[in-house]
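# Per-entry structural report
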Amino acid sequence: SRWPVVVVVFVVEEFGAICEAMYLIMVSDGKVSNVERDVLRGALRIISDDQVRSSHIESMVDQAARRIAESGFEARLDSVVERLRGDRVKSELTLLLAAAVAAADDQIVPQEQAVIDALAEGLGITEVEANASLDEMNHKESGKFPIARR
């Protein structure tokens, strides 16, 4: 069934930057794994209370890929930061989800770490704040967030 245009617009406005941030992490190392895709899809479904459907997610991922091809990786990263910067909760959530995507294949490579660090810096989130958010959400047993020390 087709969703009304107003629902699709809401989904993109509400979750587009978060999806694009996770996608940037996924492609940063030149390899996109199925487990990374699964984490992205699952995260969007959970935070949207299942409002975001597979077709919406695929559309947002395709759009993110096109935007990277058109504007370049750095420009898209800057755009994500700009769209999220005014919303502290969404910024912290995005950083946590980006880190989850990076860690999905059991290793965070330097390219992924660089994107996490750039997101954190652009969004004004320190390592201490990120770790506090992570502890609060009980996202990982270790309670450590993969942000380089500043």
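Since the structure is predicted, the reported quantities are computational estimates derived from the model, not experimental observations.

## Section: the overall build of the protein
The helix and strand inventory of the protein stands at 7 helices and 0 strands. Put simply, the protein runs from its N terminus to its C terminus through helices and strands in the order α-α-α-α-α-α-α. A buried classification covers 43% of the 150 residues belonging to the protein. Nonlocal contacts in the protein, meaning residues at least 24 apart in sequence, comprise 73% of its contacts between residues at least 6 apart.

## A word on the environment of L123
Along the chain, L123 turns up in helix 6 (residues 110-123). On the accessibility criterion, L123 (5% relative accessible area) is buried. Placed 31 residues apart in sequence, L123 and E92 show a C-alpha to C-alpha distance of 8.3 Å. In contact with L123, not counting residues within four places along its chain, are V81, L84, R85, R88 and S91.

## Re the environment of E14
Mapping E14 onto the fold places it in helix 1 (residues 5-28). Expressed as a C-alpha distance, the spacing of E14 and S48, which sit 34 residues apart in the sequence, is 8.9 Å.

## Points about the side chain of S28
Mapped onto the fold, S28 is located in helix 1. Given the relative accessible area of 17%, S28 is considered buried. At 2.8 Å, the side chain of S28 forms a polar contact with the backbone oxygen of I25. Those residues in contact with S28 that sit more than four places away from it in its chain are F73, Q111, E112 and V115.

## Observations concerning the pattern of salt bridges
For side chains of opposite charge, pairing can occur when their charged atoms come near one another. Applying the stated rule across the entire model yields 8 salt bridges. Linking R41 and D38 is a salt bridge whose minimum nitrogen-to-oxygen distance equals 2.8 Å. Remark: D38 and R41 occur in helix 2 (residues 34-47); sequence separation between them is 3 residues, near one turn of the helix. For R41, a relative accessible area of 21% puts it in the partly exposed group. Residue R88 is joined to E92 by a salt bridge in which the shortest nitrogen-to-oxygen separation is 3.1 Å. On the criterion of helical spacing, the pair formed by R88 and E92 is a turn pair, its members being 4 residues apart in helix 5 (residues 88-103).

## Section: the nonpolar core
The tendency in soluble globular proteins is for nonpolar side chains to be buried side by side. Formed by 37 residues in total, the largest nonpolar core has its most connected members in I18, M22, I25, L40, L44, L95 and L119. Mapped by element, the contributors of at least two residues to this core are helix 1, helix 2, helix 3 (54-71), helix 4 (73-84), helix 5 and helix 6. The leading source of residues in this core is helix 1, at 10 residues. Every residue in contact with L44, bar those within four places of it in the chain, is listed here: F15, I18, C19, M22, V52, I57 and M60.

## Some thoughts on the environment of R53
On the secondary structure map, R53 appears in the loop between helix 2 and helix 3. Relative accessible area serves as the criterion here: at 38%, R53 is assigned to the partly exposed category. Side-chain polar atoms of R53 contact the backbone oxygen of D50, separated by 2.8 Å.

## Some points on unusual backbone geometry
Look at D49: it is not a glycine, yet its phi comes out positive at around 55 degrees. Of note, D49 is situated in the loop between helix 2 and helix 3. The phi dihedral of D106 falls on the positive side, at around 70 degrees, and the residue is not glycine. Examined against the element boundaries, D106 turns out to sit in the loop between helix 5 and helix 6. Residue classification places D106 among the exposed residues on the basis of a relative accessible area of 74%.

Rules used throughout
- Residues numbered from 1 in each chain as written.
- Predicted model: local features only at pLDDT ≥ 70, side-chain atom pairs only at ≥ 80, totals over all residues.
- Heavy atoms only, no water.
- Helix = DSSP H or I, 4+ residues; strand = E, 2+ residues; numbered from the N terminus.
- Buried < 20%, exposed > 50% of the residue type's maximum accessible area, 1.4 Å probe, protein only.
- Contact = heavy atoms within 4.5 Å.
- Polar contact = N/O pair within 3.5 Å; in protein donor to acceptor, adjacent residues only side chain to side chain.
- Salt bridge = Lys/Arg side-chain N within 4 Å of Asp/Glu carboxyl O.
- Core = buried A, V, L, I, M, F, W, Y, C linked by side-chain atoms within 4.5 Å.

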